[in-house]
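Given next are the chains, with one letter for each unit.
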2 protein chains.
Amino acid sequence: MSSYSHHTAPTQFVEAAGIRFAYRRFGKNGSVPLLFFMHFTGTMDHWDPALTDGFAQDREVILFNNAGISSSSGEVPTSIEEMAKYAGAFIDALGIKKLDALGFSMGGFIAQQFSMDRPDLVRKLILVGNGPRSGEGMASLTPEAQEIFGAKYDPPDELWLRVFFTPSKQSQAAGKKYLERQRARKENRDAVANDRVAQAQIAAIQKWGAPAKAPYAYLKKIPQPTLVVNGSNDVIVYTVNSFILQQNLPNAQLILYPDGNHGAQYQYPELFVEHVTQFLKR
Amino acid sequence: MSSYSHHTAPTQFVEAAGIRFAYRRFGKNGSVPLLFFMHFTGTMDHWDPALTDGFAQDREVILFNNAGISSSSGEVPTSIEEMAKYAGAFIDALGIKKLDALGFSMGGFIAQQFSMDRPDLVRKLILVGNGPRSGEGMASLTPEAQEIFGAKYDPPDELWLRVFFTPSKQSQAAGKKYLERQRARKENRDAVANDRVAQAQIAAIQKWGAPAKAPYAYLKKIPQPTLVVNGSNDVIVYTVNSFILQQNLPNAQLILYPDGNHGAQYQYPELFVEHVTQFLKR
């Protein structure tokens, strides 16, 4: 067990593919590490310590900023494929030969691509708030997402109360607790991602979501045991997309949580850690 | 803890609503009991001891034959509503005031109705291999079910290898283990249900599945926390019906298992017991 936690793990750096990647690494040494793939405009500080520290009890946890994001150098590429390539370069530079991957939202798109590209590297895959290429309502931002991302919030991070949680009293209360947990790291926080990040990521997300022929066929190329998790009422990546993932992946389990939006794993953090831990242990 | 288990629990009898109900009761005394609702043509002996004994570690387990089935007297009614009423009479006769309900396939239809009728009695609900009224492909037996139930099997209980498990090697191997477990009770087994049972149950199932206006609206009347579980490829009650249940119930979690047919809980018995136990503990 490293003595570091979500709040105390130092930001480290490694060079690969012309990028200086920022990352943090903590938890139980010697296990298959769990690599986290972050969502749209997020940095390492957007992960919920209830998850990262929860998983760190049993395994090593690796957070990173992909190319062009916050404390990492370079520019954000405009395709999911290039993002997955950068992630591979980062992992190779760390000398890691086997890992489990957890991707949330856009991070799940990257994790899907990464698992296809690097089947020997990725043992198991967890996809949260996620959908397939050309999924339902994924050709552009959903109407709900346009409204939510278009509004102003004070403080700005209250945006996430609407992106990740439902309007119910219980879900909003859970959302406030998530924000408190997420804000609790005080030292050495990541700078907020700049506007160029959002533009490039939107371009990549729209290519991923664009209509295509037989769009789900590629999922057969992801043989890894996969756990798909979402909320019952995801308005950012519609929940049905998680069902479509499960139905088309060769070996996937689906879990949907009640009264949940895009970030249901932050609404039920203990349950989510239990479910994922069970899945990784089997 | 009662000293009885799935294999040793004696068949007991209680009179209610003009029926002599056969039942078995075992597990940890003093807890909220878990009442099992059986599928089409099944008796108490069709339950998997890996499940019943698994749950009995933490709680009391109650199995029963509803009116007209095997060792219970009377005639099988031709509606799910009447089946639910008989179940209520049985439970009242035992003097039970609070329980959790687990229904599998047709048993899940009864458990839904029972939870609506008796909201004070039912604390939590588990629906396995299940769907809503008027669900997809539920107006009659699915083409796959017609073929599977129409074929001959030797021994006859190998029918369940095709009803509950997928054609994959892994699933069929798990199916054979289920049959071994299910056959292992030697003393005091239930007689196989007679042909009148199947006829009446088919009539009830077809009424339940018949097309209707706004068929899922009734699900709003099931406020109990509900766990919906199915296999990824249920050909008896199509898997999408479990998704529809989750989407329309006020407070439901969904779990779908990979490479699973109608009886995925018997394919992954330890995982299922873990998932249900988590759900009941929360």
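Structure shown above.
Residues numbered from 1 in each chain as written. Chains lettered and ligands numbered in written order. Predicted model: local features only at pLDDT ≥ 70, side-chain atom pairs only at ≥ 80, totals over all residues. Heavy atoms only, no water.

> Honestly, the overall build of chain A in this entry has me stumped. Any pointers?
Looking only at helices and strands, one finds 10 helices and 8 strands in chain A. Expected size for 282 residues packed as a compact globule is a radius of gyration near 19 Å; at 17 Å, chain A falls within 12% of this value. The principal-axis extents of the C-alpha atoms in chain A amount to approximately 40 × 40 × 40 Å. Taking all contacts inside chain A whose residues are at least 6 apart in sequence as the whole, residues at least 24 apart take part in 75%. Split by element, the accessible area of chain A, about 10,800 Å² in all, is 53% carbon and sulfur. Chain A carries 29 positive and 27 negative side-chain charges, and their two centres are separated by 5 Å. (Helix = DSSP H or I, 4+ residues; strand = E, 2+ residues; numbered from the N terminus. Rg over C-alpha atoms; globule rule 2.2 N^0.38 Å. Contact = heavy atoms within 4.5 Å. Areas by Shrake-Rupley, 256 points an atom, 1.4 Å probe, with all protein chains shown as cover. Lys, Arg positive; Asp, Glu negative; His and termini not counted. Charge placed at Lys NZ, Arg CZ, Asp CG, Glu CD.)

> Sorry, what's going on with the relation of the copies chain B and chain A here?
The second copy of the chain is related to the first by a rotation about an axis and a shift along the axis. Rotating chain B by 180 degrees and translating it 0.0 Å along the rotation axis places it on chain A, where the RMSD comes to 0.0 Å. Here the two chains are linked by the operation of a two-fold rotation axis. When C-alpha distances to the rotation axis are compared across chain B, the minimum falls at Ile255(B), with a value of 2.3 Å. Counting the interface residues of chain B, we find that 100% of their copies in chain A are interface residues as well, pointing to one common contact surface. (Least-squares fit on C-alpha atoms with pLDDT ≥ 70 in both.)

> Would you mind showing me how to read the packing of aromatic side chains here?
Aromatic rings in a pair are described by how distant their centres are and how their planes are angled relative to each other. Taken as a whole and judged by the stated rule, the model has 43 aromatic pairs over all chains. Geometrically, the ring pair formed by Phe164(B) and Tyr178(B) is edge-to-face, given 6.0 Å between the ring centres and 70 degrees between the ring planes. Linking Phe164(B) in helix 5 (residues 159-164) with Tyr178(B) in helix 6 (residues 169-183), this pair joins segments that are 14 residues apart in sequence. Accessibility expressed as a relative area gives 1% for Phe164(B), which makes it buried. Summarising the aromatic geometry, the rings of Tyr257(B) and Tyr268(B) are spaced 5.3 Å apart at their centres and angled 45 degrees between planes, so their arrangement reads as tilted. Separated by 11 residues along the polypeptide, Tyr257(B) in strand 8 (residues 252-257) and Tyr268(B) in the loop between helix 9 (264-267) and helix 10 (269-281) bring together distant segments of the chain. Relative accessible area serves as the criterion here: at 0%, Tyr257(B) is assigned to the buried category. Members of the aromatic cluster, joined through ring pairs, are Phe21(A), Tyr23(A), Phe37(A), Phe64(A), Tyr86(A), Phe90(A) and Phe114(A). The cationic tip of Arg20(B) hangs over the ring face of Phe13(B); the distance from NZ or CZ to the ring centre is 3.8 Å. Stacked on the ring of Tyr218(B), the Lys or Arg Arg133(B) has its end atom at 5.5 Å from the ring centre. (Phe/Tyr/Trp six-rings, centres within 6.5 Å; stacked < 30°, edge-to-face > 60°. Buried < 20%, exposed > 50% of the residue type's maximum accessible area, 1.4 Å probe, protein only. Lys NZ or Arg CZ within 6 Å of the ring centre and 35° of its normal.)

By themselves, these figures tell us nothing about what the structure is for.
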